[in-house]
Amino acid sequence: NPIAKKMYPILGAFLKLIDIELSAFRAVFNIVMWKDPFLSFWTTLVVFCLMVVLLFFPWRYLFFIVGLVGLGPQNYFLVDWFEAKRIAR
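Cut-offs and rules
Residues numbered from 1 in each chain as written. Predicted model: local features only at pLDDT ≥ 70, side-chain atom pairs only at ≥ 80, totals over all residues. Heavy atoms only, no water. Phe/Tyr/Trp six-rings, centres within 6.5 Å; stacked < 30°, edge-to-face > 60°. Buried < 20%, exposed > 50% of the residue type's maximum accessible area, 1.4 Å probe, protein only. Helix = DSSP H or I, 4+ residues; strand = E, 2+ residues; numbered from the N terminus. Contact = heavy atoms within 4.5 Å. Salt bridge = Lys/Arg side-chain N within 4 Å of Asp/Glu carboxyl O.

Asker: Could you give an account of the packing of aromatic side chains, with specific residues and numbers?
Answerer: Counting across every chain of the model gives 6 aromatic pairs. Aromatic side chains F41 and W42 sit 5.1 Å apart centroid to centroid with 70 degrees between the ring planes, which places their arrangement in the edge-to-face category. Overall, the relative accessible area of 41% leaves F41 in the partly exposed class. Accessibility expressed as a relative area gives 41% for W42, which makes it partly exposed. Three or more aromatic residues link up through ring pairs in this structure, and these residues are F38, F41 and W42.

Asker: Let's hear about the side chain of S40: which residues, and what values?
Answerer: By the secondary structure assignment, S40 is in helix 2 (residues 37–55). Overall, the relative accessible area of 1% leaves S40 in the buried class. If we ignore the near neighbours within four places in the chain, the residues touching S40 are N30, I31 and W34.

Asker: Explain the pattern of salt bridges to me, using residue names and the numbers behind them.
Answerer: Summed over the entire model, instances satisfying the criterion amount to 1 salt bridge. Residue R86 is joined to E83 by a salt bridge in which the shortest nitrogen-to-oxygen separation is 2.8 Å. Remark: E83 and R86 occur in helix 4 (residues 74–88); sequence separation between them is 3 residues, near one turn of the helix. A residue is classified by how much of its surface remains accessible, and E83, at 34% relative accessible area, is partly exposed.

Encoded structure:
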């Protein structure tokens, strides 16, 4: 591309970023428009299998564990530690 060659010293890093983003967009476009049938088939199959797995995934237990880790009883001990640290300043 002659324009890219002339602009490379000025905008080299930016053009590399745009080239990467354009390549990713083209890949996704080719998958969605079924221009690459092999990759489109495997993408569709993976998305369907992921949908079936996530449909029957025990979300209630996952959110319970995430809530327990994030907001659980360890925070009672951490409050005392933070208060002692704050008072020590």
